[in-house]
Structure formats: structure tokens, C-alpha cells
Amino acid sequence: MTEFKQLDIHWIDLEPAKGAETRKLRPCVIVQGDLVNIQSRTLIVALLLPNHKPWPFAVNLEPTQENGLDKNRHINLKQLRAVDVSRIGKKQGELENQYSDAIKTALTIVFDL
């Protein structure tokens, strides 16, 4: 079984989608913790969408060699998805640890913790 790590960015096939769900093949960041990732058949991921957004549930990202992004993007932490590992494609890169606190803050807002 492939090893998946928190903050890895992978291309994920989000079809079929329904209603307002984001569609098609998209880069996503694994937000599920590494302890849970071990031998898991599903992963919780957050979508990476184009451009920066001022939303409190978004974390804006800059492209770097480490994360492999092609342009400015944002993690939309309001759109978490649990996906089967069969949907997970090529690894794009790894999100830098500098974004960890912002992700935790956005998740706190989303879940009103």
C-alpha cells in the first residue's frame, strides 16, 4: 500500500460529483493525520483551487519548488472530502510546514471549535 502523508499534495479524481461539489481532477492536500493514514483506505483531503481568497476558511498558497504548484492557489477548508485511495493520483509536492497553523485556524473556524 502506498504511504500517504499529511500535507502531501496529490491529484485526485473528484468525479462523480453532485450539486455544488467541486468536480474533475484537482490538486488536493491531505489534511488527515499521519497516524490515521497508516493502512487507511480513505483519506480526508482539502481542495486546492485557483487564486487567493480573503475567506476565513481559506489558506492562500504561493507556488514553490517543494509544493509543485503552478500558480497562486488557496486551500478551501470548507470543502473537505473523504476519498478512497483509488481516487488518488500523482503526487504534486509537499505543502510547507509554515501553512500548518493557518490550516488549523481555518479548520477551527469551519467546525466552530
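Above: the structure in question.
About the criteria used
- Residues numbered from 1 in each chain as written.
- Predicted model: local features only at pLDDT ≥ 70, side-chain atom pairs only at ≥ 80, totals over all residues.
- Heavy atoms only, no water.
- Phe/Tyr/Trp six-rings, centres within 6.5 Å; stacked < 30°, edge-to-face > 60°.
- Buried < 20%, exposed > 50% of the residue type's maximum accessible area, 1.4 Å probe, protein only.
- Pairing = 2+ DSSP bridges.
- Helix = DSSP H or I, 4+ residues; strand = E, 2+ residues; numbered from the N terminus.
- Axes fitted to C-alpha atoms, helices over the stretch in contact; angles between N-to-C directions.
- Core = buried A, V, L, I, M, F, W, Y, C linked by side-chain atoms within 4.5 Å.
- Contact = heavy atoms within 4.5 Å.

With that settled, the discussion passes to the packing of aromatic side chains. For the coordinates displayed, the defined rule picks out 1 aromatic pair. For the pair Trp 55 and Phe 57, a centre-to-centre distance of 5.3 Å together with 25° between the ring planes defines the contact as stacked. Taking relative accessible area as the criterion, Phe 57 reaches 17% and is therefore assigned buried.

Reading across from one edge, 4-5-3-2-1-6 is the order of the 6 strands in this open sheet, with antiparallel pairing throughout. This sheet does not close on itself; its edge strands, each paired only once, are strand 4 (58-61) and strand 6 (88-94). Strand after strand, the sheet turns through a mean of 45° between neighbouring axes, direction not considered.

Before going further, it helps to examine the nonpolar core. Among the nonpolar cores identified, the biggest contains 16 residues, and Val 29, Val 59, Leu 61, Ile 75, Leu 77, Leu 95 and Ile 103 are the most heavily contacted of them. Those elements that place two or more of their residues in this core are strand 3 (42-50), strand 4, strand 5 (73-84) and helix 2 (100-111). No other element matches helix 2, which puts 3 residues into this core. The residues touching Ile 103, leaving out its near neighbours within four places in the chain, are Leu 7, Val 59, Ile 75, Leu 77 and Leu 95. Counting 12 residues, the second-largest nonpolar core is a separate cluster that includes Ile 12, Leu 14, Leu 49 and Val 83.

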